[in-house]
Amino acid sequence: MDNVTLFEMAPRDGLQNEDRIVATADKIRLVDLLSACGFRKIEVASFVSPKRVPQMADSADVLAGITRRAGTSYTALTPNMRGLEAALAAEADEVAIFASASEGFSQHNINCSIAESLERFAPMLPVIREKAIPVRGYVSCVTDCPYDGPTGPGDVARVARALRDMGCYEISLGDTIGTGTPETISAMLKGVLGEVPAIHLAGHYHNTHNRALANIDASLEAGVRTFDAAIGGLGGCPFAPGSKGNVATEAVVDLMATRGFETGIDKGALGIAANFAKSLRT
Ligand code: HMG
Ligand code: MG
């Protein structure tokens, strides 16, 4: 049986978009329940401006409070050097830099152009290398942007290649507002695969229009074997109007079983974590 890796997103992509602030103790409980499911990667923190995303302001406390399971990496979003330093101080096992394939979302999300964002990330890479921790890269708005409309596959490929060249071991391709279709996702992947091999790609599909599973199928077809998902379908981006939750991890685990892929996730533990995650929804 072929393996697929699921990267659990709920503690970060999920909780960053909840209107209410979830108590730190509840976030820690969620992460601990997710650790029991057997995920190899859980994104638990985001060291961004607390004025812009107050939901993530306690990221260091979350990393300090969780019980770390051997074999699981606890990862953090880091938008700049300051965020990287905070993530390293909190002992994140892996960090992620995040860019956009569209200028409109880049400006709204991180307040700079795509080129400026890549310049901002560049000095972070030697520091990350010195610490010998992995760095992942995100590209947002891979098929559509809430500000600029459709995104060209070439624009996604260019940013994905730039992040890969900087040293990202994997590029996660974000359908940030969930408007992608199997056709537009396939066209996007065809463009990106010209620059970055499938082994270094992940799909990060929001499920606004219930097409994320079909988009995952299209990505499996293209050779992608890592997918981001959020337990209970939690998530969204505060700076992408219309963005809904990530595809639910439970649904992806079931899809993979149907398609003959092994995920290594304990379904009993997943059910318990899903119930708790849903109880945190606004
Ligand atoms: P900036 O707006 O360019 O301005 O920040 P700045 O660098 O001058 O900083 C502004 C303020 O933030 C200052 O505070 C800084 O000190 C502070 P003030 O002087 O006003 O009191 N600051 C920080 N504080 C804590 N930690 C930091 C930090 N950096 C600056 N690291 C920045 C740029 C990117 C930081 C800002 O625009 C920001 O935080 N944006 C939020 C971005 C975000 O979190 N978006 C959601 C996550 S991305 C996502 O969801 C997409 C994804 O899921 C994939 C997909 O679905 O497509 C990954
Ligand atoms: Mg997202």
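These numbers were taken from a predicted model, which means no experiment stands behind them.

J.: Is there a simple way to explain the nonpolar core in this structure?
T.: The tendency in soluble globular proteins is for nonpolar side chains to be buried side by side. Of all hydrophobic cores here, the largest spans 96 residues; its most connected members are Val139, Leu163 and Leu173. Beyond its immediate sequence surroundings of up to four residues, valine 139 is in contact with Ala99, Ser100, Ala101, Val156, Val159, Ala160, Leu163, Ile171, Ser172, Leu173 and Gly174.

J.: Is there a simple way to think about the packing of helix H8 (residues 153-166) against helix H9 (residues 182-193) in this case?
T.: Relative placement of two packed helices is described by the angle separating their axes and the distance separating the axes. Axis separation between H8 and H9 bottoms out at 8 Å; the angle between their running directions is 45°. When the axes of H8 and H9 are compared, the pair comes out oblique. Crossing of H8 against H9: the hand is right-handed. Packed against H8, whose contacting residues are Pro153, Val156, Ala157 and Ala160, the element H9 presents Ala187, Met188, Gly191 and Val192 at the interface. By residue class, the composition of the contact of H8 with H9 is 7 nonpolar, 1 polar and no charged.

J.: When you look at the coordination of the magnesium ion (ligand 2) in this model, what are you seeing that I'm missing?
T.: Coordination sphere of the magnesium ion (ligand 2), protein contribution only: Asp13 (OD), His204 (NE2) and His206 (NE2), at 2.1 to 2.3 Å. Written as a sequence motif, the donor residues of the magnesium ion (ligand 2) are D-x190-H-x1-H. Taken together, the residues span a long stretch of sequence, with aspartate 13 in helix H1 (residues 10-14) and histidine 206 in the loop between strand S10 (201-205) and helix H10 (212-221) at a distance of 193 residues.

J.: What should I look at first to understand the site of ligand 1 in this one?
T.: Taken together, 28 residues lie around ligand 1, and Gln16, Lys51, Arg82, Ser140 and Thr176 are the ones closest in. In this structure, an oxygen atom belonging to ligand 1 sits 3.0 Å away from a side-chain N or O atom of aspartate 13. Separating an oxygen atom of ligand 1 from a side-chain N or O atom of serine 140 is a distance of 2.6 Å. For ligand 1, the protein covers 76% of the area, taking 1100 Å² as the surface of the free molecule. Of all the secondary structure elements, the ones that give two or more residues to the shell around ligand 1 are H1, helix H4 (81-89), helix H5 (103-110) and strand S6 (135-140). The class makeup of the residues in the shell around ligand 1 is 11 nonpolar, 11 polar and 6 charged.

J.: Explain the environment of glutamine 107 here, please?
T.: Relative to the helices and strands, glutamine 107 resides in helix H5. Under the relative-accessibility criterion, glutamine 107 is labelled partly exposed at 37%. Considering only alpha carbons, one finds glutamine 107 and serine 117, 10 residues apart in sequence, at a separation of 9.5 Å. The residues touching glutamine 107, leaving out its near neighbours within four places in the chain, are Cys112 and Ser113.

J.: Any chance you could explain the packing of aromatic side chains here in plain terms?
T.: Centre-to-centre distance and the angle between the planes together describe a pair of aromatic rings. Evaluation of the coordinates by the stated rule reveals 0 aromatic pairs. In this structure, arginine 52 is placed above the aromatic ring of phenylalanine 239, and the distance from its NZ or CZ to the ring centre is 4.1 Å.

J.: Would you explain the pairing of S10 in this entry?
T.: Looking along a regular strand, one sees the side chains alternate between the two faces of the sheet. Within S10, 5 of the 5 residues are buried, leaving the element largely enclosed by the surrounding structure. Every second residue of S10 is oriented toward a common face, with Leu201, Gly203 and Tyr205 on one face and Ala202 and His204 on the other, all of them buried. Judged from the 5 bridges that link them, strand S9 (residues 170-175) and S10 form a sheet pairing that is parallel. For glycine 174, the partnering residue across the bridge sits in S10 and is histidine 204. Taken together, S9, H9 and S10 form a β-α-β motif whose crossover is right-handed. With 2 bridges joining them, S10 and strand S11 (residues 226-229) adopt parallel strand pairing.

Parameters and conventions
Residues numbered from 1 in each chain as written. Chains lettered and ligands numbered in written order. Predicted model: local features only at pLDDT ≥ 70, side-chain atom pairs only at ≥ 80, totals over all residues. Heavy atoms only, no water. Core = buried A, V, L, I, M, F, W, Y, C linked by side-chain atoms within 4.5 Å. Buried < 20%, exposed > 50% of the residue type's maximum accessible area, 1.4 Å probe, protein only. Contact = heavy atoms within 4.5 Å. Axes fitted to C-alpha atoms, helices over the stretch in contact; angles between N-to-C directions. Helix = DSSP H or I, 4+ residues; strand = E, 2+ residues; numbered from the N terminus. Parallel < 35°, antiparallel > 145°, perpendicular 65-115°, else oblique. Left-handed = near helix turned anticlockwise from the far one by under 90°. Nonpolar A, V, L, I, M, F, W, Y, C, P; charged D, E, K, R; others polar. Donors = N, O, S within 2.8 Å, 3.2 Å for Na, K, Ca; no water. Near = heavy atom within 4 Å. Polar contact = N/O pair within 3.5 Å; in protein donor to acceptor, adjacent residues only side chain to side chain. Areas by Shrake-Rupley, 256 points an atom, 1.4 Å probe, with all protein chains shown as cover. Phe/Tyr/Trp six-rings, centres within 6.5 Å; stacked < 30°, edge-to-face > 60°. Lys NZ or Arg CZ within 6 Å of the ring centre and 35° of its normal. Pairing = 2+ DSSP bridges. Right-handed = clockwise from strand over helix to strand, strands pointing away.

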